[in-house]
Amino acid sequence: MTGRVIVITSGKGGVGKTTTNANIGTALARAGNKVVMIDTDLGLRNLDLLLGLENRIVYTIVDVVEERCKLKQALVKDKKNPNLCLLAAAQTRDKTAVTEEQLKEICDKLKKDFDFILVDCPAGIEQGFQNAVAGATEAIVVTTPEMSAVRDADRIIGLLEAKEEIKSYKLLLNRVRPNLIKSNDMMSVEDVVEILSAELIGIIPEDTGIITSTNKGEPIVNDEKSLAGTAYRNVAKRIMGEEVPFIDLEEATSVVAKVKKFFSNLIGKEK
Amino acid sequence: MDKGYIENGFIVDLTGAKKTSEVIYEISRILDMPESKQKHICLKLGSVDLTQAELTSVKALVELMESRLGFISTSSTVTLESATALGIKISEFTTKVEAPDFEAPESTPDVSNALDNIFGEEQKPAPINDEKEIFPVLQHDEIIAEQVTEQEIKEQSDEDIAALKNEAENLPTLYIRKTIRSGQSISSDGNIIVIGDVNPGSEIIAKGDITVWGILGGIAHAGSDGNNYARIRALKLNPVQIRIGEVFARRPDTINLPYIQKSSEYIPEEAFTHKGSIVIRKIHEEN
(Lines give C-alpha, C1' and ligand atoms only; values in the text may rest on other atoms or scores of the structure.)
Protein backbone atom coordinates (compact mmCIF):
# COMPACT_ATOMS: atom_id res chain seq x y z
CA MET A 1 0.00 0.00 0.00
CA THR A 2 1.30 3.44 -0.89
CA GLY A 3 -0.48 6.23 0.88
CA ARG A 4 -0.92 9.76 -0.35
CA VAL A 5 0.75 12.42 1.75
CA ILE A 6 -1.25 15.65 1.70
CA VAL A 7 -0.10 18.77 3.50
CA ILE A 8 -2.77 21.26 4.58
CA THR A 9 -1.30 24.74 4.70
CA SER A 10 -2.28 28.40 4.43
CA GLY A 11 0.44 30.83 5.38
CA LYS A 12 -1.92 32.99 7.38
CA GLY A 13 -3.08 31.80 10.78
CA GLY A 14 -6.68 31.37 11.82
CA VAL A 15 -8.12 30.51 8.40
CA GLY A 16 -9.03 26.97 9.42
CA LYS A 17 -6.11 24.67 8.58
CA THR A 18 -6.54 22.52 11.65
CA THR A 19 -10.34 22.44 11.38
CA THR A 20 -10.00 21.43 7.73
CA ASN A 21 -7.49 18.74 8.65
CA ALA A 22 -9.68 17.25 11.37
CA ASN A 23 -12.78 17.26 9.16
CA ILE A 24 -11.24 15.95 5.95
CA GLY A 25 -9.37 13.29 7.92
CA THR A 26 -12.55 12.18 9.68
CA ALA A 27 -14.53 12.23 6.43
CA LEU A 28 -11.90 10.14 4.62
CA ALA A 29 -11.84 7.65 7.48
CA ARG A 30 -15.63 7.47 7.51
CA ALA A 31 -15.47 6.54 3.84
CA GLY A 32 -13.37 3.51 4.80
CA ASN A 33 -9.85 4.79 4.22
CA LYS A 34 -7.03 4.32 6.69
CA VAL A 35 -6.04 7.82 7.66
CA VAL A 36 -3.31 9.24 9.87
CA MET A 37 -3.06 12.91 10.74
CA ILE A 38 0.26 14.42 11.70
CA ASP A 39 0.27 17.62 13.72
CA THR A 40 3.51 19.46 12.96
CA ASP A 41 2.58 22.60 14.88
CA LEU A 42 5.11 21.92 17.64
CA GLY A 43 4.55 24.09 20.67
CA LEU A 44 1.11 25.26 19.54
CA ARG A 45 -0.70 22.02 18.94
CA ASN A 46 -4.47 22.05 18.49
CA LEU A 47 -5.43 19.10 16.33
CA ASP A 48 -5.76 16.82 19.36
CA LEU A 49 -8.24 19.24 20.94
CA LEU A 50 -10.41 19.36 17.83
CA LEU A 51 -10.58 15.59 17.79
CA GLY A 52 -11.09 15.34 21.54
CA LEU A 53 -7.98 13.18 21.95
CA GLU A 54 -5.88 15.38 24.23
CA ASN A 55 -6.19 13.06 27.22
CA ARG A 56 -4.97 10.06 25.21
CA ILE A 57 -1.63 11.43 24.12
CA VAL A 58 1.26 9.63 25.73
CA TYR A 59 3.96 9.99 23.11
CA THR A 60 4.40 12.73 20.53
CA ILE A 61 6.23 13.10 17.25
CA VAL A 62 9.27 14.40 19.16
CA ASP A 63 9.37 11.17 21.19
CA VAL A 64 9.36 9.23 17.92
CA VAL A 65 12.15 11.33 16.45
CA GLU A 66 14.23 11.10 19.63
CA GLU A 67 13.59 7.35 19.76
CA ARG A 68 11.84 7.23 23.10
CA CYS A 69 9.08 5.16 21.51
CA LYS A 70 8.20 3.33 18.34
CA LEU A 71 6.18 5.13 15.70
CA LYS A 72 3.29 2.74 16.21
CA GLN A 73 3.13 3.51 19.93
CA ALA A 74 2.75 7.22 19.25
CA LEU A 75 -0.29 6.82 17.01
CA VAL A 76 -3.41 7.72 18.97
CA LYS A 77 -6.56 6.04 17.69
CA ASP A 78 -9.71 8.09 17.28
CA LYS A 79 -12.50 7.53 19.78
CA LYS A 80 -15.09 6.59 17.16
CA ASN A 81 -13.29 5.56 14.03
CA PRO A 82 -10.61 2.87 14.27
CA ASN A 83 -9.41 3.83 10.77
CA LEU A 84 -8.31 7.21 12.04
CA CYS A 85 -5.06 7.91 13.89
CA LEU A 86 -3.30 10.99 15.17
CA LEU A 87 0.40 11.60 15.57
CA ALA A 88 0.42 14.52 17.97
CA ALA A 89 2.85 17.39 18.21
CA ALA A 90 4.83 18.08 21.37
CA GLN A 91 3.52 21.04 23.29
CA THR A 92 6.62 21.78 25.34
CA ARG A 93 9.06 21.97 22.45
CA ASP A 94 9.51 24.23 19.41
CA LYS A 95 9.77 23.76 15.67
CA THR A 96 13.49 23.00 15.76
CA ALA A 97 12.91 19.71 17.59
CA VAL A 98 12.13 17.97 14.28
CA THR A 99 13.99 18.24 10.98
CA GLU A 100 12.72 17.98 7.42
CA GLU A 101 14.48 14.65 6.89
CA GLN A 102 12.96 13.17 10.04
CA LEU A 103 9.46 14.17 9.00
CA LYS A 104 10.00 12.77 5.53
CA GLU A 105 11.16 9.50 7.06
CA ILE A 106 8.05 9.31 9.26
CA CYS A 107 5.78 9.99 6.28
CA ASP A 108 7.56 7.31 4.23
CA LYS A 109 7.06 4.77 7.01
CA LEU A 110 3.39 5.65 7.44
CA LYS A 111 2.77 5.40 3.68
CA LYS A 112 3.07 1.64 3.94
CA ASP A 113 0.17 1.26 6.36
CA PHE A 114 -2.17 4.13 5.56
CA ASP A 115 -4.13 5.35 2.53
CA PHE A 116 -3.91 9.00 3.49
CA ILE A 117 -1.41 10.93 5.57
CA LEU A 118 -2.69 14.43 6.30
CA VAL A 119 -0.03 16.82 7.58
CA ASP A 120 -1.28 19.79 9.57
CA CYS A 121 1.07 22.67 8.86
CA PRO A 122 1.73 25.55 11.27
CA ALA A 123 1.12 29.15 10.17
CA GLY A 124 4.04 30.99 8.64
CA ILE A 125 6.71 30.10 6.11
CA GLU A 126 9.58 29.27 8.45
CA GLN A 127 11.00 25.95 9.65
CA GLY A 128 7.60 24.62 10.69
CA PHE A 129 6.27 25.03 7.16
CA GLN A 130 9.40 23.54 5.62
CA ASN A 131 9.10 20.51 7.93
CA ALA A 132 5.42 19.95 7.17
CA VAL A 133 5.92 20.14 3.42
CA ALA A 134 9.02 17.90 3.40
CA GLY A 135 7.23 14.55 3.19
CA ALA A 136 4.22 15.62 1.13
CA THR A 137 3.47 15.11 -2.53
CA GLU A 138 0.15 16.96 -2.59
CA ALA A 139 -1.06 20.13 -0.91
CA ILE A 140 -4.33 21.76 0.02
CA VAL A 141 -4.07 25.52 0.45
CA VAL A 142 -6.71 26.86 2.80
CA THR A 143 -7.74 30.48 2.47
CA THR A 144 -10.66 32.73 3.31
CA PRO A 145 -12.18 35.38 1.05
CA GLU A 146 -10.16 38.17 2.66
CA MET A 147 -7.38 40.13 1.04
CA SER A 148 -4.76 39.29 3.68
CA ALA A 149 -5.48 35.55 3.59
CA VAL A 150 -5.49 35.50 -0.21
CA ARG A 151 -2.19 37.37 -0.31
CA ASP A 152 -0.59 34.84 2.06
CA ALA A 153 -2.08 31.94 0.11
CA ASP A 154 -0.49 33.38 -3.03
CA ARG A 155 2.89 33.42 -1.28
CA ILE A 156 2.42 29.82 -0.13
CA ILE A 157 1.44 28.64 -3.61
CA GLY A 158 4.60 30.27 -4.94
CA LEU A 159 6.68 28.34 -2.39
CA LEU A 160 4.84 25.08 -3.14
CA GLU A 161 5.41 25.48 -6.88
CA ALA A 162 9.12 25.81 -6.21
CA LYS A 163 9.14 22.42 -4.44
CA GLU A 164 9.73 19.52 -6.79
CA GLU A 165 8.13 16.97 -4.50
CA ILE A 166 4.74 18.71 -4.51
CA LYS A 167 3.04 17.26 -7.57
CA SER A 168 -0.29 19.07 -7.20
CA TYR A 169 -1.98 21.64 -5.04
CA LYS A 170 -5.65 22.51 -4.63
CA LEU A 171 -7.42 25.47 -3.13
CA LEU A 172 -9.96 25.26 -0.33
CA LEU A 173 -12.00 28.38 0.31
CA ASN A 174 -13.13 28.52 3.92
CA ARG A 175 -15.58 30.66 5.88
CA VAL A 176 -17.53 31.83 2.86
CA ARG A 177 -20.57 33.99 3.62
CA PRO A 178 -22.91 34.00 0.63
CA ASN A 179 -25.03 36.88 1.88
CA LEU A 180 -21.95 39.12 2.15
CA ILE A 181 -20.83 38.10 -1.33
CA LYS A 182 -24.30 38.92 -2.63
CA SER A 183 -24.16 42.40 -1.12
CA ASN A 184 -20.65 42.88 -2.56
CA ASP A 185 -19.06 43.07 0.88
CA MET A 186 -16.94 39.95 0.45
CA MET A 187 -14.74 38.71 -2.35
CA SER A 188 -16.58 36.13 -4.39
CA VAL A 189 -15.35 32.59 -4.95
CA GLU A 190 -14.64 33.49 -8.58
CA ASP A 191 -12.53 36.49 -7.54
CA VAL A 192 -10.34 34.38 -5.27
CA VAL A 193 -9.90 31.63 -7.85
CA GLU A 194 -9.00 34.24 -10.44
CA ILE A 195 -6.37 35.91 -8.25
CA LEU A 196 -4.76 32.64 -7.22
CA SER A 197 -5.38 30.76 -10.49
CA ALA A 198 -5.55 27.46 -8.67
CA GLU A 199 -7.98 24.57 -8.90
CA LEU A 200 -10.72 24.57 -6.26
CA ILE A 201 -11.30 21.49 -4.15
CA GLY A 202 -13.93 22.88 -1.83
CA ILE A 203 -16.00 25.83 -0.69
CA ILE A 204 -16.91 25.74 2.99
CA PRO A 205 -19.58 28.08 4.31
CA GLU A 206 -19.13 29.97 7.56
CA ASP A 207 -20.89 27.88 10.18
CA THR A 208 -21.37 28.64 13.85
CA GLY A 209 -21.56 24.89 14.41
CA ILE A 210 -17.76 24.82 13.87
CA ILE A 211 -17.27 26.71 17.14
CA THR A 212 -19.30 24.23 19.18
CA SER A 213 -17.75 21.27 17.41
CA THR A 214 -14.26 22.59 18.14
CA ASN A 215 -15.04 23.07 21.81
CA LYS A 216 -16.59 19.62 22.07
CA GLY A 217 -13.74 17.91 20.27
CA GLU A 218 -16.11 16.47 17.71
CA PRO A 219 -15.48 17.22 13.99
CA ILE A 220 -18.50 18.72 12.22
CA VAL A 221 -18.46 16.11 9.43
CA ASN A 222 -20.05 13.76 11.93
CA ASP A 223 -23.09 16.03 11.90
CA GLU A 224 -25.09 14.89 8.87
CA LYS A 225 -27.33 17.96 8.89
CA SER A 226 -24.60 20.60 8.94
CA LEU A 227 -23.96 22.38 5.64
CA ALA A 228 -20.26 22.85 6.47
CA GLY A 229 -20.10 19.15 7.32
CA THR A 230 -21.59 18.24 3.95
CA ALA A 231 -19.13 20.57 2.22
CA TYR A 232 -16.21 18.86 4.00
CA ARG A 233 -17.55 15.41 3.10
CA ASN A 234 -17.68 16.55 -0.53
CA VAL A 235 -14.04 17.67 -0.31
CA ALA A 236 -13.11 14.21 0.94
CA LYS A 237 -14.98 12.64 -2.00
CA ARG A 238 -13.12 14.88 -4.44
CA ILE A 239 -9.82 13.86 -2.85
CA MET A 240 -10.81 10.23 -3.46
CA GLY A 241 -11.37 11.10 -7.13
CA GLU A 242 -15.16 11.41 -7.26
CA GLU A 243 -16.81 14.16 -9.26
CA VAL A 244 -19.03 16.08 -6.88
CA PRO A 245 -20.66 19.38 -7.87
CA PHE A 246 -20.07 22.33 -5.57
CA ILE A 247 -22.99 23.21 -3.30
CA ASP A 248 -24.77 26.37 -4.36
CA LEU A 249 -24.27 28.15 -1.06
CA GLU A 250 -26.42 31.10 -1.93
CA GLU A 251 -29.36 28.83 -2.55
CA ALA A 252 -28.58 26.53 0.38
CA THR A 253 -28.41 29.38 2.89
CA SER A 254 -31.39 31.31 1.49
CA VAL A 255 -34.53 31.74 3.56
CA VAL A 256 -36.51 29.45 1.28
CA ALA A 257 -33.98 26.66 1.73
CA LYS A 258 -34.00 27.06 5.50
CA VAL A 259 -37.80 26.87 5.56
CA LYS A 260 -37.69 23.77 3.34
CA LYS A 261 -35.07 22.17 5.57
CA PHE A 262 -37.08 23.00 8.66
CA PHE A 263 -40.15 21.27 7.26
CA SER A 264 -38.26 18.28 5.94
CA ASN A 265 -36.71 17.81 9.38
CA LEU A 266 -40.15 18.12 10.92
CA ILE A 267 -41.56 15.47 8.61
CA GLY A 268 -38.54 13.31 9.21
CA LYS A 269 -39.12 13.43 12.94
CA GLU A 270 -42.79 12.47 12.64
CA LYS A 271 -41.85 9.33 10.78
CA MET B 1 12.77 0.66 22.73
CA ASP B 2 11.41 0.50 26.22
CA LYS B 3 13.39 0.08 29.34
CA GLY B 4 11.72 -0.98 32.52
CA TYR B 5 13.59 -0.01 35.63
CA ILE B 6 14.68 -2.50 38.24
CA GLU B 7 16.78 -1.87 41.26
CA ASN B 8 20.35 -2.51 40.21
CA GLY B 9 19.89 -2.60 36.49
CA PHE B 10 17.19 -2.59 33.94
CA ILE B 11 15.10 -4.69 31.63
CA VAL B 12 15.63 -4.40 27.92
CA ASP B 13 12.43 -5.26 26.12
CA LEU B 14 13.32 -6.98 22.86
CA THR B 15 9.98 -8.66 22.24
CA GLY B 16 9.67 -6.56 19.07
CA ALA B 17 12.87 -8.01 17.59
CA LYS B 18 12.18 -10.92 15.27
CA LYS B 19 15.68 -11.61 14.02
CA THR B 20 19.00 -12.20 15.75
CA SER B 21 20.48 -9.18 13.97
CA GLU B 22 17.72 -6.98 15.37
CA VAL B 23 18.40 -8.27 18.89
CA ILE B 24 22.11 -7.53 18.56
CA TYR B 25 21.44 -4.10 17.07
CA GLU B 26 19.01 -3.08 19.81
CA ILE B 27 21.30 -4.30 22.60
CA SER B 28 24.30 -2.47 21.22
CA ARG B 29 22.24 0.68 20.78
CA ILE B 30 20.87 0.65 24.33
CA LEU B 31 24.08 -0.40 26.03
CA ASP B 32 25.92 2.36 24.24
CA MET B 33 24.18 4.89 26.46
CA PRO B 34 26.37 5.96 29.39
CA GLU B 35 23.69 5.28 32.01
CA SER B 36 23.61 1.58 31.15
CA LYS B 37 27.24 0.89 32.07
CA GLN B 38 28.04 -1.30 35.09
CA LYS B 39 24.45 -2.47 35.33
CA HIS B 40 22.51 -5.68 35.53
CA ILE B 41 20.90 -6.22 32.15
CA CYS B 42 17.81 -8.38 31.94
CA LEU B 43 16.69 -9.25 28.44
CA LYS B 44 13.05 -9.73 27.60
CA LEU B 45 13.14 -11.72 24.39
CA GLY B 46 10.08 -12.60 22.35
CA SER B 47 9.70 -15.43 19.88
CA VAL B 48 13.17 -15.00 18.38
CA ASP B 49 15.23 -18.20 18.16
CA LEU B 50 18.77 -17.84 19.44
CA THR B 51 21.21 -20.70 19.06
CA GLN B 52 23.84 -21.41 21.68
CA ALA B 53 26.49 -19.59 19.64
CA GLU B 54 24.25 -16.59 19.10
CA LEU B 55 23.36 -16.35 22.75
CA THR B 56 27.04 -16.59 23.66
CA SER B 57 27.76 -13.63 21.42
CA VAL B 58 24.85 -11.71 22.95
CA LYS B 59 26.32 -12.37 26.39
CA ALA B 60 29.76 -11.35 25.19
CA LEU B 61 28.31 -8.17 23.74
CA VAL B 62 26.71 -7.26 27.05
CA GLU B 63 30.00 -7.88 28.85
CA LEU B 64 31.90 -5.91 26.23
CA MET B 65 29.69 -2.95 27.05
CA GLU B 66 30.80 -3.16 30.71
CA SER B 67 27.48 -4.60 31.88
CA ARG B 68 26.41 -7.97 33.24
CA LEU B 69 23.69 -10.21 31.86
CA GLY B 70 21.24 -10.91 34.68
CA PHE B 71 18.53 -13.12 33.34
CA ILE B 72 16.43 -13.50 30.24
CA SER B 73 12.85 -14.31 29.44
CA THR B 74 11.80 -15.88 26.18
CA SER B 75 8.91 -17.62 24.47
CA SER B 76 11.16 -19.60 22.11
CA THR B 77 12.14 -23.15 23.03
CA VAL B 78 15.37 -22.89 21.04
CA THR B 79 16.50 -19.88 23.04
CA LEU B 80 15.40 -21.59 26.23
CA GLU B 81 17.56 -24.64 25.50
CA SER B 82 20.58 -22.50 24.59
CA ALA B 83 20.20 -20.48 27.77
CA THR B 84 19.96 -23.59 29.91
CA ALA B 85 23.07 -25.02 28.25
CA LEU B 86 24.98 -21.80 28.87
CA GLY B 87 23.77 -21.51 32.45
CA ILE B 88 21.97 -18.20 31.93
CA LYS B 89 19.14 -17.61 34.34
CA ILE B 90 15.65 -17.71 32.92
CA SER B 91 12.74 -15.82 34.34
CA GLU B 92 9.15 -15.00 33.71
CA PHE B 93 8.66 -11.35 34.41
CA THR B 94 6.04 -10.72 37.01
CA THR B 95 4.43 -7.48 37.89
CA LYS B 96 4.03 -6.67 41.50
CA VAL B 97 1.96 -3.87 42.94
CA GLU B 98 2.24 -2.86 46.56
CA ALA B 99 -1.11 -2.12 48.19
CA PRO B 100 -1.17 1.04 50.25
CA ASP B 101 -2.68 1.18 53.69
CA PHE B 102 -5.93 3.02 53.08
CA GLU B 103 -9.30 1.45 52.80
CA ALA B 104 -10.52 0.51 49.37
CA PRO B 105 -12.63 3.05 47.52
CA GLU B 106 -16.25 2.04 47.02
CA SER B 107 -15.89 1.38 43.33
CA THR B 108 -12.83 0.40 41.40
CA PRO B 109 -12.25 1.13 37.73
CA ASP B 110 -12.45 -1.57 35.14
CA VAL B 111 -8.78 -1.98 34.44
CA SER B 112 -9.07 -4.85 32.03
CA ASN B 113 -9.94 -2.49 29.21
CA ALA B 114 -7.69 0.30 30.37
CA LEU B 115 -5.16 -0.06 27.57
CA ASP B 116 -7.86 -0.16 24.94
CA ASN B 117 -9.42 2.88 26.53
CA ILE B 118 -6.23 4.82 26.27
CA PHE B 119 -5.83 4.12 22.63
CA GLY B 120 -9.49 4.40 21.80
CA GLU B 121 -10.16 0.78 20.98
CA GLU B 122 -13.36 0.65 22.97
CA GLN B 123 -15.17 3.35 24.82
CA LYS B 124 -16.05 2.72 28.41
CA PRO B 125 -16.62 5.80 30.50
CA ALA B 126 -14.97 5.57 33.86
CA PRO B 127 -17.32 4.88 36.73
CA ILE B 128 -17.88 7.99 38.74
CA ASN B 129 -19.56 7.91 42.10
CA ASP B 130 -20.77 10.89 44.04
CA GLU B 131 -17.61 12.49 45.28
CA LYS B 132 -14.75 10.28 44.28
CA GLU B 133 -13.78 10.34 40.69
CA ILE B 134 -11.81 7.36 39.59
CA PHE B 135 -9.73 7.45 36.48
CA PRO B 136 -9.22 4.56 34.13
CA VAL B 137 -5.72 3.38 34.64
CA LEU B 138 -3.07 2.04 32.40
CA GLN B 139 -1.96 -1.28 33.79
CA HIS B 140 1.70 -2.00 34.26
CA ASP B 141 3.04 -2.86 30.87
CA GLU B 142 6.08 -2.49 28.75
CA ILE B 143 5.34 1.13 27.96
CA ILE B 144 5.61 2.34 31.51
CA ALA B 145 7.90 0.27 33.67
CA GLU B 146 8.13 -2.94 35.53
CA GLN B 147 8.92 -4.18 38.95
CA VAL B 148 10.48 -7.57 39.09
CA THR B 149 10.55 -10.15 41.80
CA GLU B 150 13.78 -12.06 41.46
CA GLN B 151 16.46 -13.20 43.80
CA GLU B 152 18.94 -10.66 42.50
CA ILE B 153 16.49 -7.86 43.00
CA LYS B 154 15.46 -7.44 46.58
CA GLU B 155 11.79 -7.26 47.33
CA GLN B 156 10.57 -4.04 48.85
CA SER B 157 10.80 -4.42 52.58
CA ASP B 158 8.60 -2.59 55.08
CA GLU B 159 11.45 -0.21 55.75
CA ASP B 160 11.77 0.60 52.07
CA ILE B 161 8.06 1.34 51.86
CA ALA B 162 8.23 3.61 54.89
CA ALA B 163 11.21 5.37 53.34
CA LEU B 164 9.32 5.88 50.08
CA LYS B 165 6.30 7.23 51.94
CA ASN B 166 8.44 9.75 53.79
CA GLU B 167 10.68 10.51 50.86
CA ALA B 168 8.90 13.76 50.00
CA GLU B 169 9.67 15.20 53.44
CA ASN B 170 13.39 14.83 52.90
CA LEU B 171 13.48 16.32 49.43
CA PRO B 172 14.10 19.96 48.55
CA THR B 173 11.09 21.91 47.34
CA LEU B 174 10.72 24.18 44.35
CA TYR B 175 8.36 27.06 45.10
CA ILE B 176 6.73 28.82 42.15
CA ARG B 177 4.44 31.81 42.40
CA LYS B 178 3.00 32.16 38.92
CA THR B 179 0.63 30.54 36.49
CA ILE B 180 2.17 27.70 34.51
CA ARG B 181 1.00 28.16 30.93
CA SER B 182 0.59 25.90 27.92
CA GLY B 183 3.92 24.67 26.60
CA GLN B 184 5.81 25.30 29.83
CA SER B 185 7.45 22.36 31.51
CA ILE B 186 8.67 22.35 35.10
CA SER B 187 10.67 19.49 36.49
CA SER B 188 12.45 19.07 39.77
CA ASP B 189 14.42 16.50 41.73
CA GLY B 190 12.34 17.44 44.75
CA ASN B 191 8.79 18.54 45.49
CA ILE B 192 7.03 21.26 43.54
CA ILE B 193 4.63 23.81 44.97
CA VAL B 194 2.82 26.09 42.56
CA ILE B 195 0.86 29.07 43.82
CA GLY B 196 -1.30 29.65 40.74
CA ASP B 197 -2.97 27.58 38.06
CA VAL B 198 -1.33 24.89 35.98
CA ASN B 199 -2.98 25.34 32.59
CA PRO B 200 -3.74 22.60 30.04
CA GLY B 201 -0.82 21.93 27.71
CA SER B 202 1.80 22.36 30.44
CA GLU B 203 3.54 19.67 32.45
CA ILE B 204 4.96 19.36 35.93
CA ILE B 205 7.34 16.55 36.80
CA ALA B 206 8.61 16.10 40.34
CA LYS B 207 10.57 13.40 42.11
CA GLY B 208 8.49 14.05 45.20
CA ASP B 209 5.02 15.49 45.73
CA ILE B 210 3.22 18.12 43.68
CA THR B 211 1.02 20.72 45.30
CA VAL B 212 -0.91 23.28 43.31
CA TRP B 213 -2.68 26.18 44.97
CA GLY B 214 -5.03 26.59 42.03
CA ILE B 215 -6.50 24.46 39.23
CA LEU B 216 -4.28 21.68 37.94
CA GLY B 217 -5.24 21.30 34.27
CA GLY B 218 -2.08 20.05 32.57
CA ILE B 219 -0.03 16.90 32.92
CA ALA B 220 1.33 16.10 36.36
CA HIS B 221 3.88 13.41 37.21
CA ALA B 222 4.80 12.94 40.86
CA GLY B 223 7.33 10.40 42.12
CA SER B 224 9.05 10.57 38.74
CA ASP B 225 11.78 8.13 39.73
CA GLY B 226 9.23 5.42 40.48
CA ASN B 227 7.85 6.30 43.91
CA ASN B 228 4.23 5.13 43.87
CA TYR B 229 3.65 6.74 47.25
CA ALA B 230 4.04 10.30 45.96
CA ARG B 231 0.94 12.47 45.98
CA ILE B 232 -0.54 15.24 43.89
CA ARG B 233 -2.71 17.85 45.53
CA ALA B 234 -4.56 20.83 44.11
CA LEU B 235 -7.48 23.07 44.89
CA LYS B 236 -9.10 21.49 41.84
CA LEU B 237 -7.71 18.48 40.04
CA ASN B 238 -8.59 18.50 36.35
CA PRO B 239 -5.43 17.07 34.79
CA VAL B 240 -5.37 15.81 31.23
CA GLN B 241 -3.10 13.04 32.40
CA ILE B 242 -1.73 12.14 35.77
CA ARG B 243 1.17 9.89 36.66
CA ILE B 244 2.29 8.83 40.09
CA GLY B 245 5.42 6.75 40.13
CA GLU B 246 4.75 4.10 37.56
CA VAL B 247 0.96 4.40 37.52
CA PHE B 248 -0.74 6.31 34.78
CA ALA B 249 -4.27 7.63 34.27
CA ARG B 250 -6.04 9.98 31.92
CA ARG B 251 -9.03 12.20 32.31
CA PRO B 252 -12.25 10.30 31.50
CA ASP B 253 -14.06 11.46 28.36
CA THR B 254 -17.19 12.09 30.39
CA ILE B 255 -15.51 15.13 31.90
CA ASN B 256 -13.33 15.96 28.94
CA LEU B 257 -13.54 19.72 29.22
CA PRO B 258 -10.34 21.62 28.49
CA TYR B 259 -11.05 24.37 30.97
CA ILE B 260 -12.80 24.41 34.33
CA GLN B 261 -14.79 27.36 35.50
CA LYS B 262 -13.21 29.27 38.32
CA SER B 263 -15.16 29.26 41.51
CA SER B 264 -14.78 30.87 44.87
CA GLU B 265 -15.39 27.65 46.71
CA TYR B 266 -12.94 24.86 46.25
CA ILE B 267 -12.59 21.66 48.16
CA PRO B 268 -8.95 20.66 47.81
CA GLU B 269 -8.34 17.32 46.16
CA GLU B 270 -5.63 14.74 46.38
CA ALA B 271 -4.51 12.01 43.99
CA PHE B 272 -2.72 8.89 45.11
CA THR B 273 -2.22 5.33 43.96
CA HIS B 274 -4.26 2.50 45.27
CA LYS B 275 -3.79 -1.07 44.05
CA GLY B 276 -2.22 0.10 40.83
CA SER B 277 -4.88 2.71 40.07
CA ILE B 278 -4.94 6.42 40.64
CA VAL B 279 -7.70 7.61 42.91
CA ILE B 280 -8.79 11.18 43.52
CA ARG B 281 -10.53 12.21 46.69
CA LYS B 282 -11.53 15.40 48.42
CA ILE B 283 -9.02 16.14 51.14
CA HIS B 284 -11.59 16.83 53.89
CA GLU B 285 -12.75 13.23 53.65
CA GLU B 286 -9.48 12.06 55.06
CA ASN B 287 -10.40 12.74 58.67
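Remember, predicted model here, so these are calculated numbers, not experimental data.

Chemist: Can you lay out the overall build of chain B for me, pointing to particular residues and giving the numbers?
Modeler: Check the secondary structure of chain B and you find 5 helices and 18 strands. Looking at the 287 residues of chain B, the share that counts as buried comes to 38%. Contacts in chain B between residues at least 24 apart in sequence constitute 51% of all its contacts with a sequence separation of at least 6.

Chemist: Provide a residue-level description of the nonpolar core, including the pertinent values.
Modeler: By size, the foremost hydrophobic cluster in this structure holds 83 residues, and its most contacted members are I6, V36, I61, I117, V119, V141 and Y232 of chain A. Looking at which element gives the most residues to this core, the answer is helix 11 (residues 227-239) of chain A, with 7 residues. Setting aside chain neighbours within four positions, we find V141 of chain A in contact with T9, S10, A153, I156, I157, Y169, L171, L172 and A198 of chain A. If you look at the next biggest cluster of nonpolar residues, it comprises 30 residues, including L216, A234, V247 and F272 of chain B.

Chemist: Lay out helix 2 (residues 52-64) of chain B with the relevant residues and their values.
Modeler: All names here are of chain B. With 13 residues, helix 2 extends 18 Å between its outermost C-alpha atoms, agreeing within 8% with the 18 Å of an ideal straight helix rising 1.5 Å per residue. Of the positions making up helix 2, those classed as buried are L55, V58 and V62. Within helix 2, the buried residues cover an arc of 55° as seen down the axis, which keeps them to one side. Exposed and oriented more than 90 degrees from the buried face of helix 2 are A53, A60, E63 and L64. Remark: E66 follows helix 2 within two positions and exhibits a positive phi of approximately 60°.

Chemist: So what about the confidence of the model for chain B? Which residues, and what values?
Modeler: Residue and element names in this part refer to chain B. Put simply, chain B has an average pLDDT of 71, and 66% of its residues get 70 or more. No element of chain B has a lower mean pLDDT than strand 7 (residues 137-138), at 35, and none a higher one than strand 10 (residues 191-195), at 96. With pLDDT under 50 throughout, residues 1-5 is counted as low confidence; its partners more than four residues away or in other chains account for 19 contacts. Here the predicted complex carries an ipTM of 0.71, next to a pTM of 0.65.

Chemist: Pulling in residues and values, what's your account of the pairing of strand 12 (residues 210-216) of chain B?
Modeler: Residue and element names in this part refer to chain B. Here strand 12 lies mainly inside the structure; 5 of its 7 residues are buried. Where strand 10 lies against strand 12, 4 bridges are found, and the strand directions are parallel. Following the sheet pairing, I192 is matched in strand 12 by I210. Bridge analysis of strand 12 against strand 14 (residues 232-237) gives 5 bridges, and the strand direction is parallel. In the sheet register, T211 faces strand 14, and the bridge partner there is R233.

Chemist: Which residues make up the sheet that holds strand 6 (residues 138-143) of chain A, and what values go with them?
Modeler: Residue and element names in this part refer to chain A. Across the sheet, 8 strands lie side by side as 3-4-2-5-1-6-7-8; this open sheet has mixed pairing. The strands lining the two open edges of the sheet, one partner per strand, are strand 3 (75-77) and strand 8 (200-205). Put simply, the sheet's adjacent strands are angled 20° from each other on average, direction ignored. Bridge count for strand 1 (residues 4-9) against strand 6 is 4 bridges, and the pairing is parallel.

Thresholds, definitions, all that
Residues numbered from 1 in each chain as written. Chains lettered and ligands numbered in written order. Predicted model: local features only at pLDDT ≥ 70, side-chain atom pairs only at ≥ 80, totals over all residues. Helix = DSSP H or I, 4+ residues; strand = E, 2+ residues; numbered from the N terminus. Buried ≥ 20, exposed ≤ 12 C-beta atoms within 10 Å, placed from the backbone. Contact = placed C-beta atoms within 7 Å. Core = buried A, V, L, I, M, F, W, Y, C linked by C-beta atoms within 7 Å. Expected span 1.5 Å × (residues − 1). Arc of directions from axis to C-beta. pLDDT = per-residue confidence, 0-100. Pairing = 2+ DSSP bridges. Axes fitted to C-alpha atoms, helices over the stretch in contact; angles between N-to-C directions.

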